[in-house]
Amino acid sequence: MKRLICLSFIILSLCCVAARVTDVIDLRIAPANGDWVTSTGTDVEFKVMLTESNIGIKDAKVKYEISEDLMSPRKTGEVKVKNGEAVIKAGTMKQPGFLRCKVTFIDNSKTYSAMGTIGFSPEKIKPVTKYPSDFMEFWNKNIDQARKPVLNPEMTLLPEKCTKTVDVYQVSYSVSTSGKRFYGMLAMPKAPGKYPAMVQYPGAGVYAIDAPVSYAEQGIIAMAVGIHAIPNNLDASLYNAIGNGILSDYPSINIDRVDDYYYQQVIRGAVRAIDFIETLPEFNGCVATYGGSQGGFLSIAVASLHPSVKYVVANFPAMSDLAGYTEGRAGGWPHTFKNKANHTPLLLKNMSYYDTVNFARHINVPGFYSFGFNDLTCAPTTTYSVYNTVTAPKTLYTTPLSGHFLLTEQADAERKALIDFLKLCN
């Protein structure tokens, strides 16, 4: 009995430790006037809140730095906190963009940090990246070449991944005359019938992808596709080896050769994923693209190039307004032009053919776009430049506190929007 009591106490203690997810000290930041978005030319202040066990710390010092989106700090300093609060004068922005304040507090060698970002007329942000006059000619030629090899689709049922209502397959299809194939994971409703579809494109990296089973459970043909021509059933160590080896810097491979840049084959294969969906007898003719970061870029690119796409979802799209750095403001991931040595006419022109803002000019279907003000990977300056370029019907969901991720409310809203559209689409 004593042993049982002791064991119960240990389990209870472990549960209590696991449930403790916040620090005793909490550092937060917000706009002093309560508005995360303001107009250019408006002076702004940030309010700092520093508490210990939810009670304002009476006397402390907090360091801060003020910077425009992804730029070097324009102002640094230290502010005194009195009764848990302090105010930092941040100045203004004369051009549309974002002003960010980072604060840090050190207590007993532990560093606490927080970040807040205020938008200045973000709806007026325009892209820096130039639009090539032969942009669509370039991509129409590419898609024609991508369709020369026979698609030759293959599907392998994976019983261990199937559910009572959904069948899961590893799929592949040809993307070049050399025999290269793209691989994906397909989730199909088991019940006979015709269904709408969605294709999910991956974020950056080299890894195995999973089938979007939850969408198939809602009566949608759902496929997640990889971009590296690598099967999804390899050992994890192989993906790590490839990602840290030959593909460690794949966004820069052949950047100086517009007709052989790494993302050329990626975009071709991403477009062919829609062609694959169209071969399925269960497909009802309505398909949407979906993705975040690199996947957001591909979702927009494919929606602009494939006439069958009816809806687009893009979260914090990468490759957005890459040339922003050439005019002293944030550029998109992978931040090609953060290095001034890359500011050459050749590279700037080459990358303009792959920039999300230029694909966005050709979006003519409704879409859902979402990102956060604290995103340091795909900065809001760059994602707003894409959103503002889209002229088709669009829904925007931004959150001031999210970074390179979706908050639950964002994810729920876009999922509902996508499912609702597909269920009504035919």
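(A) Quick peek at the packing of helix α2 (residues 135-146) against helix α5 (residues 262-278). Closest axis-to-axis distance for the α2/α5 pair is 10 Å, and the angle between their directions is 65°. Relative to α5, α2 is oriented roughly perpendicular. Crossing handedness for the pair α2 and α5: right-handed. Here W139, N142, I143, Q145 and A146 of α2 come into contact with α5, specifically with Q264, I267, R268, V271 and R272.

(B) Representation of unusual backbone geometry within the structure. Cis geometry marks the peptide bond from W333 to P334, where omega comes out at 10°. Examined against the element boundaries, P334 turns out to sit in the loop between β16 (309-315) and α7 (345-352). Positive phi, normally seen in glycine, also occurs at N83, with a value near 50°. Within the secondary structure layout, N83 lies in the loop between β6 (75-82) and β7 (85-91). Despite not being glycine, S293 shows a phi value in the positive range, around 65°. Note that S293 resides in the loop between β15 (283-292) and α6 (294-305).

(C) Molecular detail of α7. Listed as buried for α7 are L347, N350, M351 and S352. Those residues of α7 hidden inside the fold are in contact with α2 and α8 (356-360).

(D) Geometry of the pairing of β6. As judged from the eight bridges shared by strand β5 (residues 59-68) and β6, these two strands associate in the antiparallel manner. Looking across to β6, one finds that D59 is bridged to K82. Connecting β5 to the next strand, β6, in antiparallel fashion are six residues, including L70 with a positive phi near 65°.

Procedures and definitions
- Residues numbered from 1 in each chain as written.
- Predicted model: local features only at pLDDT ≥ 70, side-chain atom pairs only at ≥ 80, totals over all residues.
- Heavy atoms only, no water.
- Axes fitted to C-alpha atoms, helices over the stretch in contact; angles between N-to-C directions.
- Helix = DSSP H or I, 4+ residues; strand = E, 2+ residues; numbered from the N terminus.
- Parallel < 35°, antiparallel > 145°, perpendicular 65-115°, else oblique.
- Left-handed = near helix turned anticlockwise from the far one by under 90°.
- Contact = heavy atoms within 4.5 Å.
- Buried < 20%, exposed > 50% of the residue type's maximum accessible area, 1.4 Å probe, protein only.
- Pairing = 2+ DSSP bridges.

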